[in-house]
Amino acid sequence: MTHSEVGWGGRRAVFHVLACCGLLAACEIGSEVRPLTAAREPVPVPPAAVARAPAHAPRRVAPEPTERTRATQALAVKLGALGTKVDDPCVAPGGSGCERTALAPFFESLDALSSGTATGPTVIEAFGNSLIAGDRIVDILRDDLGAGFGAAGRGVLLVDRMAPYGGRGRTGYSKGGWEPRTLGELRKPPHPFGITGVYHVATVARARSRFKLEGEPRGTLWWLDVPKGGALTVLGGDTVLARTEPAGSGESKATRFELPPGTTSVDIVAEAKGAVVQGVVLQQARPGIVLDMLGVPSADASLYARLDDAALRSQLAEREPRLLVFFLGGNESKRLEWKRTDLETLRTDLGALLRRARVAAPSSACLVVGPMDAVRDSKDQGKAFTQRPFLEAVVDAEREVTQAEGCAFFNLYEAMGGKGALSRFHQSGFMHEDLVHPRGRGLDVLGHLVTDALLRAWVETPPASRRVASLAPAAGSPPTSSVEAAP
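Residues numbered from 1 in each chain as written. Predicted model: local features only at pLDDT ≥ 70, side-chain atom pairs only at ≥ 80, totals over all residues. Heavy atoms only, no water.

**Q** Hey, could you go over the overall build of the protein chain for me, with residue numbers and the actual values?
**A** Scanning the protein chain from terminus to terminus reveals 12 helices and 18 strands. A total of 487 residues make up the protein chain; the buried ones form 56% of that total. Once local pairs closer than 6 in sequence are excluded, the contacts in the protein chain between residues at least 24 apart make up 80%. With the model as given, the accessible surface of the protein chain reaches about 19,600 Å², and the carbon-plus-sulfur share is 52%. (Helix = DSSP H or I, 4+ residues; strand = E, 2+ residues; numbered from the N terminus. Buried < 20%, exposed > 50% of the residue type's maximum accessible area, 1.4 Å probe, protein only. Contact = heavy atoms within 4.5 Å. Areas by Shrake-Rupley, 256 points an atom, 1.4 Å probe, with all protein chains shown as cover.)

Here it is as structure tokens:
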């Protein structure tokens, strides 16, 4: 088979798996999954085969790809980005094999959505660095999963942008009056962060942000109860829907509000200078996919230690995610090269972040997406397109820590074509001049690689034969983490 013959995900892999029952027909899970075609190695479920599922197990069939997905896959093949499997370790071994893999909670949610038995949204929380902070890459994950399983709204939004530029797809509309602070700043900001990794401080009284509604029945305002911050008002037209009651405790708070039928927009208004907003949640109640983009420029696992533990727990408890995704490794490889950290610190900080998140969301699966191909600084004379010396060491360390913590791992570096992939993206016009950040459809390709791998793993992993409690660290004080200022 040539690469031009590929289907969903660049291969006939999924279609071949389903061939036992006819093209795109549902196969009984538990029947033998045959090897993939020569375009790709078979995808095993490590470290042991999943136990054969009972006859009533749900059927797993990949959604029909959209035209955009087909076009993106064709571009991926042209760029040599042929993808790779998700490493989905067994977290509950059984006598007949593996009872449960790391991604089981998310896969079970997809089962419910595909069978029509889901009663509410399937929420994905995507943490990460500048690779996703503009809501590119993860927008493909959101859109493609939403097209296949239904969409349930926007989820967590910000009152304003993180910078004076960029789109507003994940923010409200404001004419100013809000100062953003992020966990990726050189100096640690004065207030703690919630899961957004961002907060906005009102710089003037009556600072306002407006969100156009899409039929959401209710929402939540996440805010910081800072001393002398003043109250925040939630308005639907001229109607006050909610008002905060600050006491100066310094804690993260959540104020919920109902949205009357026919309401077309909601405004968040700071009554005085100094009020602090961490985010706004606007979501449908119907089943479907919701993906919260929580990426922050300059972030790495150590800087995510700046998340307030109480806010992390309360906000993730409210979101009830079924998948936590962490796009990390790019900044770590830079800081290793610059001798600002070391591999042991990287392992410690990533392990601490995963344990904290899993304590806060014990019913969620977790997935770490490793760094993309990276080269030395474009300003380095004579070193253009020379691979960063610690890149592959970061990939190996992340895989090691991730699987030790009972999470899945996706090797984005390998999926996009390994060493030299960034050069191919650049030659095709899909890299910015800094040779760090992809642009345009290059971002779409990277997002597609993640989506494709997740869907392939879902189809090819038989459902667990019985429910087993997910393995999560015991509640308690999370391990300490070394925090270094971002460059």
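**Q** I'd like a rundown of the environment of arginine 70, residues and numbers included.
**A** Note on placement: arginine 70 falls in helix α2 (residues 67-78). For arginine 70, a relative accessible area of 36% corresponds to the partly exposed category. Once the C-alpha coordinates of arginine 70 and histidine 448 are considered, the two residues, 378 residues apart in sequence, prove to be 10.0 Å apart. Setting aside its immediate chain neighbours within four residues, arginine 70 contacts Glu64 and Pro65.

**Q** Break down the packing of helix α3 (residues 104-115) against helix α12 (residues 441-460) for me, with residues and values.
**A** Direction vectors running N to C along α3 and α12 enclose 80°, while the axes themselves pass 10 Å from each other. The pairing of α3 with α12 is recorded here as roughly perpendicular in orientation. Taking contact as the criterion, the partners of Phe106, Phe107, Leu110, Asp111 and Ser114 in α3 are, on α12, Leu454, Ala457 and Trp458. Classifying every residue of the contact of α3 with α12 gives six nonpolar, one polar and one charged. (Axes fitted to C-alpha atoms, helices over the stretch in contact; angles between N-to-C directions. Parallel < 35°, antiparallel > 145°, perpendicular 65-115°, else oblique. Nonpolar A, V, L, I, M, F, W, Y, C, P; charged D, E, K, R; others polar.)

**Q** Before we move on, could you go through the state of the cysteines and cite the residues and values that matter?
**A** All chains considered together, the criterion is met by two disulfides. One disulfide in the model links cysteine 90 with cysteine 98; its S-S distance is 2.2 Å. Around the S-S axis, the bridge from cysteine 90 to cysteine 98 shows a dihedral of about 105° and counts as right-handed. For cysteine 90, a relative accessible area of 15% translates into the label buried. The disulfide that involves cysteine 366 links it to cysteine 407, with 1.8 Å between the sulfurs. Because the torsion about its S-S bond is -90°, the bridge between cysteine 366 and cysteine 407 counts as left-handed. One end of the pair, cysteine 366, is in strand β17 (residues 365-369); the other, cysteine 407, is in the loop between α9 (391-404) and β18 (408-410), with 41 residues separating them in the sequence. Here cysteine 366 and cysteine 407 have matching classes, each one buried. (Disulfide = S-S within 2.5 Å.)

**Q** Explain the nonpolar core to me, using residue names and the numbers behind them.
**A** Counting residues in each nonpolar core, the largest one holds 57 residues, and the members touching the most others are Leu103, Phe106, Leu323, Leu367, Phe410 and Leu449. Sort the elements by how many residues they give to this core and α12 lands first, with 11 residues. Beyond its immediate chain neighbours, meaning those up to four positions away, leucine 449 contacts Ala81, Gly83, Phe410, Leu412, Ala415 and Met416. With 41 residues, the next largest nonpolar core counts Val276, Leu294, Leu307 and Val368 among its residues. (Core = buried A, V, L, I, M, F, W, Y, C linked by side-chain atoms within 4.5 Å.)

**Q** Outline the confidence of the model for the protein chain, listing residues and values.
**A** For the protein chain, mean pLDDT is 85; residues scoring 70 or higher make up 82% of the total. Counting interchain partners and residues more than four positions distant, the pLDDT-below-50 stretch residues 1-55 has 123 contacts. pLDDT under 50 marks residues 466-487. Its contacts with residues more than four places away, or in other chains, come to 51 contacts. (pLDDT = per-residue confidence, 0-100.)

**Q** Mind laying out the side chain of serine 174, listing which residues take part and the relevant values?
**A** Along the chain, serine 174 turns up in the loop between β5 (155-157) and β6 (178-182). Classification of serine 174 by relative accessible area gives buried; the value is 13%. A polar contact is formed between the side chain of serine 174 and the backbone oxygen of arginine 208, at a distance of 3.1 Å. For serine 174, the residues in contact, after removing those within four places along its chain, are Val159, Asp160, Arg168, Arg208 and Ser209. (Polar contact = N/O pair within 3.5 Å; in protein donor to acceptor, adjacent residues only side chain to side chain.)

**Q** So, unusual backbone geometry: which residues are in play, and what are the values?
**A** For aspartate 135, which is not a glycine, the phi torsion comes out positive at approximately 65°. Here aspartate 135 lies in the loop between α4 (130-133) and α5 (138-149). Look at lysine 339: it is not a glycine, yet its phi comes out positive at around 60°. Within the secondary structure, lysine 339 sits in the loop between α7 (330-337) and α8 (343-360).

**Q** How would you sum up the packing of helix α6 (residues 309-319) against α8? Please name residues and give values.
**A** Packing of α6 against α8 brings their axes to within 8 Å, and their N-to-C directions diverge by 50°. Relative to α8, the element α6 is oriented oblique. Of the two elements, α6 crosses α8, and the hand of that crossing is right-handed. Across the interface between the two elements, Asp309, Leu312, Arg313, Leu316 and Ala317 from α6 touch Arg356, Ala357, Val359 and Ala360 from α8. For the contact of α6 with α8, the residue count by class is six nonpolar, no polar and three charged. (Left-handed = near helix turned anticlockwise from the far one by under 90°.)

**Q** Outline the sheet that holds strand β1 (residues 86-87), listing residues and values.
**A** Ordered by their spatial adjacency, six strands build an open sheet running β1-β18-β17-β16-β4-β15, and the pairing between neighbours is mixed. Looking along the sheet, the strands with just one partner apiece sit at the ends: β1 and β15 (288-295). In this sheet, strand β16 (residues 323-327) lies alongside strand β4 (residues 121-128) in parallel orientation, the contact comprising five bridges. The residue bridging glutamate 125 from the neighbouring strand is leucine 324, located in β16. Packed onto the sheet, α3 meets β4, β15, β16 and β17 and runs at close to 145° relative to β4. Contacting β4, β15 and β16, α6 runs over the sheet at an angle of about 145° to β4. (Pairing = 2+ DSSP bridges.)

**Q** Any details on the packing of aromatic side chains? Residues and values, ideally.
**A** Considering all chains together, one arrives at five aromatic pairs under this definition. On the basis of an interplanar angle of 10° and a centroid distance of 5.2 Å, the ring pair of phenylalanine 127 and phenylalanine 326 is categorised as stacked. With phenylalanine 127 in strand β4 and phenylalanine 326 in strand β16, the pair connects residues that are 199 residues apart, well separated along the chain. When sorted by exposure, phenylalanine 127 lands in the same class as phenylalanine 326, which is buried. Ring pairs connect the aromatic residues Phe127, Tyr304 and Phe326, which therefore count as one cluster. (Phe/Tyr/Trp six-rings, centres within 6.5 Å; stacked < 30°, edge-to-face > 60°.)

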